[in-house]
Amino acid sequence: MPQQRDALTELVKAHVGAGRRMSTREFAAVAVDPESGWAPSKSLVAKIIAGQGYDVTPQLVTAVSIGLGLDREIVAAAAHLQVIGYTDAELSGGAPARLIRTLDAEAGADEKARAVAERWEREV
């Protein structure tokens, strides 16, 4: 059974918004997909951190990775986890495992996610 969580939303919320590293306006200004020039609007960023529905696109994934200063594969794994989910086996390594550790460190993940991350650390 795939595990799912709003991982992309969690990544953005950990860094953007009131009391965070960047305001929605600052993030929207720096989160730009260099290939297409596309950037999320301030209102889209506000929707993301509010946990409202939004479309996940390749341009959004790239823009978020640029804006947060994270590897694109980590942000892509967050988008995959949020939209599709991962099986336990898929979460055992690579970008999905790094994502869970990143979410745990940056956003204060729940106990279940923390236990999974700790198990992976022991297995490595």
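These numbers come from a predicted model, not from an experiment.

Rules of the game
- Here the residue numbers are simple positions, counted from 1 along each chain's written sequence.
- Selection of residues for local features in this predicted model requires a pLDDT of at least 70, selection of side-chain atom pairs for listing and counting requires 80 or more, and totals for whole chains, interfaces and linings are taken over all residues.
- Side-chain metrics in this entry use all non-hydrogen atoms of the structure; hydrogen atoms and water are not considered.
- A run of H or I in DSSP becomes a helix once it reaches four residues, and a run of E becomes a strand once it reaches two; helices and strands are each numbered from the N terminus.
- Here's how the labels work: a residue is buried when its accessible area is under 20% of the maximum for its type, exposed when over 50%, partly exposed in between, all with a 1.4 Å probe on protein chains only.
- Contacts between residues were defined by any pair of non-hydrogen atoms, one from each residue, lying within 4.5 Å.
- Residue exposure ignores everything except the shown protein chains as possible cover, and the areas themselves are Shrake-Rupley values with a 1.4 Å probe.

(A) Focus on the overall build of the protein. The helix and strand tally for the protein stands at seven helices and zero strands. Counted from the first residue to the last, the protein has its helices and strands arranged as α-α-α-α-α-α-α. Buried residues in the protein amount to 43% of all 124 residues. Long-range contacts, defined here as pairs at least 24 residues apart, represent 57% of the contacts in the protein between residues at least 6 apart. Working note: accessible area of the protein is about 6700 Å², and carbon and sulfur atoms make up 50% of it.

(B) Structural context of the environment of Thr-87. For Thr-87, the location among the structural elements is in the loop between helix H5 (72–83) and helix H6 (94–107). Between the alpha carbons of Thr-87 and Gln-4 there is a distance of 9.0 Å; along the sequence they are 83 residues apart.

(C) Structural view of the side chain of Ser-65. With respect to the secondary-structure elements, Ser-65 resides in helix H4 (residues 58–68). Ser-65 sits in the buried class, given a relative accessible area of 5%. Here Ser-65 is in contact with Leu-70, Asp-71, Arg-72 and Val-75, once residues within four sequence places are set aside.

(D) Main features of helix H1 (residues 7–15). Along H1, seven of the nine residues are buried, which leaves the element largely enclosed by surrounding structure. Regarding H1, the residues found buried are Ala-7, Leu-8, Thr-9, Leu-11, Val-12, Ala-14 and His-15.

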